[in-house]
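# Structure at a glance
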Amino acid sequence: MYIHIPFCKQACHYCDFHFSTSLKRKGELVDAICKELVLRKNEISETVKTIYFGGGTPSLLTSSELNQIFKTIFENYSVSENAEITLEANPDDLSQEKIAELSNTKINRLSIGVQSFFEEDLQLMNRAHNAEEAVKSIQLAKKNFDNISIDLIYGIPGMSNARWKKNLQIALELEVPHISAYALTVEPKTALAKFIKTGKIKPVDDEMAKQHFEILIETLEKAGFEHYEFSNFGKPGYFSQNNLAYWHGKKYVGIGPAAHSYDGKTRSWNISNNIKYIVTIQQNKLPNETEILSETDRYNEYVMTRLRLREGILIEEIATKFGDKKKRYLLEQAETYLKQDLLLLENGFLKITPNGKFLSDGIAAELFYIEP
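Quick summary incoming for the structure in this document. (Residues numbered from 1 in each chain as written. Predicted model: local features only at pLDDT ≥ 70, side-chain atom pairs only at ≥ 80, totals over all residues. Heavy atoms only, no water.)

The helix and strand inventory of the protein stands at 14 helices and 15 strands. A compact globule built from 372 residues should have a C-alpha radius of gyration of about 21 Å, and the protein, at 21 Å, falls within 12% of that. Expressed along its principal axes, the backbone C-alpha trace of the protein runs to roughly 55 × 50 × 45 Å. Out of the 372 residues belonging to the protein, those deemed buried represent 51%. In the protein, the proportion of contacts linking residues at least 24 apart, taken out of those at least 6 apart, comes to 68%. (Helix = DSSP H or I, 4+ residues; strand = E, 2+ residues; numbered from the N terminus. Rg over C-alpha atoms; globule rule 2.2 N^0.38 Å. Buried < 20%, exposed > 50% of the residue type's maximum accessible area, 1.4 Å probe, protein only. Contact = heavy atoms within 4.5 Å.)

Set out below in structure tokens:
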């Protein structure tokens, strides 16, 4: 279960997710989220194994608002006793008091949006916190939470290899058990895209990002982290169950404006407008659109998601799910990358080699099946 909380204190320059910096309707929106949960309770017959609060900035919710949502979930859904329940949080929200409050809810995992431990990077991205708050939030969180993840961004214009190494060193010294690291991506219609176009900020350097990615893998694996998915590194026992479920193609329900849902055959998404979302839910209607995925859509999604995982694509599962024709097609398309040592066929799995990791999304796209 994914719950989208579409509020932020301020807009990060690189972000193209749906959010609002006005908190006026926060209470109404929480009520609408609870009502959507009730309206959709018959969609899920299985036990909910993970609950993930994303955004936006979910740490802007009060403990009473979180408990209101939890009460609705637990009254209307079957939730596993050991469910992983994650809240994304910004460092500037994580005071000692706030962390204590969160620890008294059902949340058992924090994902802290650090992005960088350096002031110049945070200012370039227009983050709401500073470098000191980034470190302090983790130190405070560790007093109440064992399962903590932090987000870091690499490939930031002006970030040297030395500064990126220092970012990782600080993270390791803080002894967080899970790190998600992402290359800075310039999305259209963001402030970052505009600043690069006008020359205010230097363009993102792909070669530098590749070097940062290689440093990331080498540093974290040396420190005992397992690179279990392209952007995710965890100590044993601390892999994100939410992330793994997504990359393994499990069903999920998305609640809140702009949230997506997937049941294995269809995908749906809620309207990306807070007011329209609230009004529609108040009318006992679901503000979403649905598409039925073709076999080709499902095959391409399978290839994309599995190739990001360290185990890769199980070839025989392709045959079982999509037929021998798709299996033959996949192996034919993979041939070039096998010869280039970008893909490896091992024990029935097609997987990305270390040389191909930074290119994995592009390689996956080349393996997609295109309808004649």
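Residues of helix α12 (residues 315-322) that are buried: I315, I318, A319 and F322. Seen along its axis, α12 keeps its buried residues to an arc of 105°; they face one direction. Those residues of α12 that are buried are in contact with α11 (295-307), β13 (313-314), α13 (324-339), β14 (343-346) and β15 (349-352). Positive phi shows up at G323, right after α12, with a value of about 95°. (Arc of directions from axis to C-beta.)

Looking now at the packing of α11 against α13. Look at α11 against α13: their axes get within 12 Å of each other, and the N-to-C directions meet at 40°. Considered as vectors, α11 and α13 are oriented oblique to each other. Note on packing geometry: the crossing formed by α11 with α13 is right-handed. Counting all contacts with α11, which are made through E295, T296 and Y299, the residues of α13 involved are K326, Y329 and L330. Counted by class, the contact of α11 with α13 contains three nonpolar, one polar and two charged residues. (Axes fitted to C-alpha atoms, helices over the stretch in contact; angles between N-to-C directions. Parallel < 35°, antiparallel > 145°, perpendicular 65-115°, else oblique. Left-handed = near helix turned anticlockwise from the far one by under 90°. Nonpolar A, V, L, I, M, F, W, Y, C, P; charged D, E, K, R; others polar.)

Hydrogen bonds between backbone atoms are what pair the strands of a sheet, whose relative direction is either parallel or antiparallel. Taking strand neighbours across the sheet as the criterion, the three strands line up as β10-β11-β12 in an open arrangement whose pairing is antiparallel. Of all the strands in the sheet, just β10 (260-262) and β12 (288-292) have a single pairing partner and so form its edges. Adjacent strand axes in the sheet meet at a mean angle of 15°, parallel and antiparallel pairs treated alike. The sheet contact formed by β10 and strand β11 (residues 266-270) spans three bridges and is antiparallel. Of the residues in β11, the one forming a bridge with S261 is S268. (Pairing = 2+ DSSP bridges.)

By the criterion of burial, strand β5 (residues 148-154) is predominantly enclosed, with seven of the seven residues buried. Bridge analysis of β5 against strand β6 (residues 178-183) gives six bridges, and the strand direction is parallel. Within β6, the position partnered with L152 by the bridge is A181. The handedness of the β5 to β6 crossover, carried by helix α6 (residues 161-173), is right-handed. (Right-handed = clockwise from strand over helix to strand, strands pointing away.)

On the basis of which strands lie adjacent, the open sheet formed by nine strands has the order β7-β8-β6-β5-β4-β3-β2-β1-β9 and mixed pairing. Looking along the sheet, the strands with just one partner apiece sit at the ends: β7 (226-229) and β9 (254-255). Across two bridges, the pairing between strand β1 (residues 2-5) and β9 is parallel. Bridge pairing links I3 to I255 in β9. Its contacts with the sheet put helix α5 (residues 131-141) on β4 (109-115) and β5, and the angle it makes with β4 is roughly 165°.

For the rest of this paragraph, the subject is the pairing of β4. β4 sits mainly inside the fold: seven of its seven residues count as buried. Side chains of β4 alternate between two faces, with R109, S111, G113 and Q115 and L110, I112 and V114 buried alike. Here four bridges tie strand β3 (residues 79-89) to β4, and the two strands are oriented parallel to one another. In the strand pairing of β4, T86 is matched with R109. In this sheet, β5 lies alongside β4 in parallel orientation, the contact comprising four bridges.

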